Amino acid sequence: GAGVSQTPSNKVTEKGKYVELRCDPISGHTALYWYRQSLGQGPEFLIYFQGTGAADDSGLPNDRFFAVRPEGSVSTLKIQRTERGDSAVYLCASSGSRLAPGELFFGEGSRLTVL
Amino acid sequence: DQQVKQNSPSLSVQEGRISILNCDYTNSMFDYFLWYKKYPAEGPTFLISISSIKDKNEDGRFTVFLNKSAKHLSLHIVPSQPGDSAVYFCAARTGGSNYKLTFGKGTLLTVNP
């Protein structure tokens, strides 16, 4: 597709459940990012992939959060034992080498609600 | 500790007038500053950026000004149009890390016809 695609767009789950959020970046973009936007806040960095490897996962809040990008394209953010505080919009972004510094292409986000 | 601050949660202007959105930062290591625009139910989209070695960057109706001594930047939109109504996020990058942007909380701009 032309843009960054994220699924599901909305996910409602119960506390303690496991959740997977998927991101399909722009074709040819080698860099992929996950950010999280809580209500009333700006996006916050979670993890960055360059190719298949996680180059920086320092933004992941704890070990319940994990992300993979096995073939260097699609990425999955995995959240175990979800908590109510995990409720947020999870944004995926990608970028290529010919963009301005810091210019990321964001998807529409996956809104996660933990009841 | 918020390193990028947008102290105005909202701003309302008349169509055709100037919109000025402000942003302050505390980290001297930031080397690029960016503005992103976000419509409801969409992801943020890149609008304009400025390097820390410059004090002004212009792109059509959008101009970003940087005052390093005051650690302050602003986005000017002239003339404002109803389609500019959105949330505007100020963001900053630490040298070399394209991925680790620090965002402000955003300012909701409403341009009234």
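In what follows, the structure referred to is the one given above.
Conventions adopted
Every chain's residues receive numbers from 1 upward, in the order its sequence appears when written. Written order determines the labels here, with chains lettered from A and ligands numbered from 1. Local features in a predicted model are, by the rule used here, given only for residues with pLDDT of at least 70; side-chain atom pairs are given and counted only at 80 or more, and totals for whole chains, interfaces and linings are based on all residues. Note that the side-chain values use all heavy atoms of the structure and ignore hydrogens as well as water. Numbering of helices and strands runs from the N terminus, with a helix taken as a DSSP run of H or I at least four residues long and a strand as a DSSP run of E at least two residues long. The size measure is the radius of gyration over C-alpha atoms, and the globule rule it meets is 2.2 Å times the number of residues to the 0.38 power. Throughout, exposure labels follow a simple rule: accessible area from a 1.4 Å probe, protein chains only, divided by the maximum for the residue type, with under 20% read as buried, over 50% as exposed, and the rest as partly exposed. Note on definitions: a residue-residue contact is assigned when non-hydrogen atoms from the two residues lie within 4.5 Å. The protein chains shown are the only cover counted for residues, whose accessible areas, like all others here, come from Shrake-Rupley with a 1.4 Å probe. Computed with a 1.4 Å rolling probe, the buried area is the accessible surface lost when two parts are put together, summed over both parts. What counts as a salt bridge is simple: a side-chain nitrogen of Lys or Arg found within 4 Å of a carboxyl oxygen of Asp or Glu. A 3.5 Å cut-off defines polar contacts: any pair of N or O atoms within that distance qualifies, except that in protein one atom must be a possible hydrogen donor and the other a possible acceptor, and neighbouring residues in sequence count only when both atoms are side-chain atoms. Any residue outside Ala, Val, Leu, Ile, Met, Phe, Trp, Tyr, Cys, Pro, Asp, Glu, Lys and Arg is labelled polar, Gly included; the first ten of those are nonpolar and the last four are charged. Only a pair of cysteine sulfur atoms within 2.5 Å counts as a disulfide in this structure description. Pairing of aromatic rings covers Phe, Tyr and Trp, the last through its six-membered ring, and needs centres within 6.5 Å; plane angles under 30 degrees mean stacked, over 60 mean edge-to-face, and all others mean tilted. Take the buried residues of types Ala, Val, Leu, Ile, Met, Phe, Trp, Tyr and Cys, join any two whose side-chain atoms come within 4.5 Å, and each joined set is a nonpolar core.

Draft legend 1. View of the overall build of chain B. In terms of regular secondary structure, chain B is built from zero helices and eleven strands. The secondary structure elements of chain B, listed N-terminal to C-terminal, are β-β-β-β-β-β-β-β-β-β-β. Relative to a compact globule of 113 residues, whose C-alpha radius of gyration would be 13 Å, chain B shows 13 Å and is just as compact. Expressed as lengths along the three principal axes of its C-alpha atoms, the size of chain B is roughly 40 × 30 × 20 Å. With 113 residues in all, chain B has 45% of them scored as buried. The contacts in chain B between residues at least 6 apart in sequence include a share of 55% that link residues at least 24 apart. Total accessible area computed for chain B in this model is approximately 5400 Å², and 49% of it derives from carbon and sulfur atoms.

Draft legend 2. Local environment of the interface of chain B and chain A. Each partner contributes residues to the interface: chain B has 19 residues there, and chain A has 20 residues. Both sides of the chain B and chain A interface together cover about 1700 Å² of buried area, and 61% of this is carbon and sulfur. Taken together, the links from chain B to chain A amount to one salt bridge. The salt bridge partner of Lys100 of chain B is Asp56 of chain A, with a shortest N-O separation of 3.4 Å. At the boundary of chain B and chain A, one finds five residue pairs in polar contact (both at pLDDT 80 or more). Broken down by secondary-structure element, the contributors of at least two residues to the side of chain B that touches chain A are strand E4 (30–38), strand E5 (45–51), strand E9 (86–94) and strand E10 (101–103) of chain B. Of all the elements, E4 of chain B adds the most residues to the side of chain B that touches chain A, at four residues. Residue composition of the side of chain B that touches chain A, by class: ten nonpolar, four polar and five charged.

Draft legend 3. Structural view of the state of the cysteines. Residue and element names in this part refer to chain A. Tallying each qualifying case throughout the model produces two disulfides over all chains. For Cys23, the disulfide goes to Cys92, at an S-S distance of 1.9 Å. Taking the sign of the S-S torsion, -70° for the link of Cys23 and Cys92, the bridge is left-handed. Taken together, the residues Cys23 in strand E3 (residues 19–24) and Cys92 in strand E9 (residues 88–95) connect sequence positions 69 residues apart.

Draft legend 4. Representation of the packing of aromatic side chains in the model. Evaluation of the coordinates by the stated rule reveals twelve aromatic pairs over all chains. When the centroid spacing of 5.7 Å and the interplanar angle of 85° are considered together, the rings of Phe106 of chain A and Tyr36 of chain B count as edge-to-face. On the criterion of chain membership, the pair formed by Phe106 of chain A in strand E10 (residues 105–106) and Tyr36 of chain B in strand E4 is interchain, its members lying in two chains. For the pair shown, Phe106 of chain A and Tyr36 of chain B are each scored as buried.

Draft legend 5. Main features of the environment of Leu73 of chain B. Residues and elements named next belong to chain B. Examined against the element boundaries, Leu73 turns out to sit in strand E8 (residues 72–77). Each C-alpha atom of the pair Leu73 and Asp24 lies 6.3 Å from the other, and the pair is 49 residues apart in sequence. Apart from residues no more than four positions distant in its own chain, Leu73 is found in contact with Leu21, Asn22, Cys23, Tyr25, Phe33, Trp35, Val64, Phe65, Leu66 and Cys90.

Draft legend 6. Spotlight on the nonpolar core. Among the nonpolar cores identified, the biggest contains 23 residues, and Phe33, Trp35, Leu73, Leu75 and Tyr88 of chain B are the most heavily contacted of them. Secondary-structure elements contributing two or more residues to this core are strand E3 (19–25), E4, E5, strand E7 (62–67), E8, E9 and strand E11 (107–112) of chain B. Counting residues in hydrophobic clusters, the runner-up holds 20 residues, among them Val19, Cys23, Leu46 and Tyr90 of chain A.

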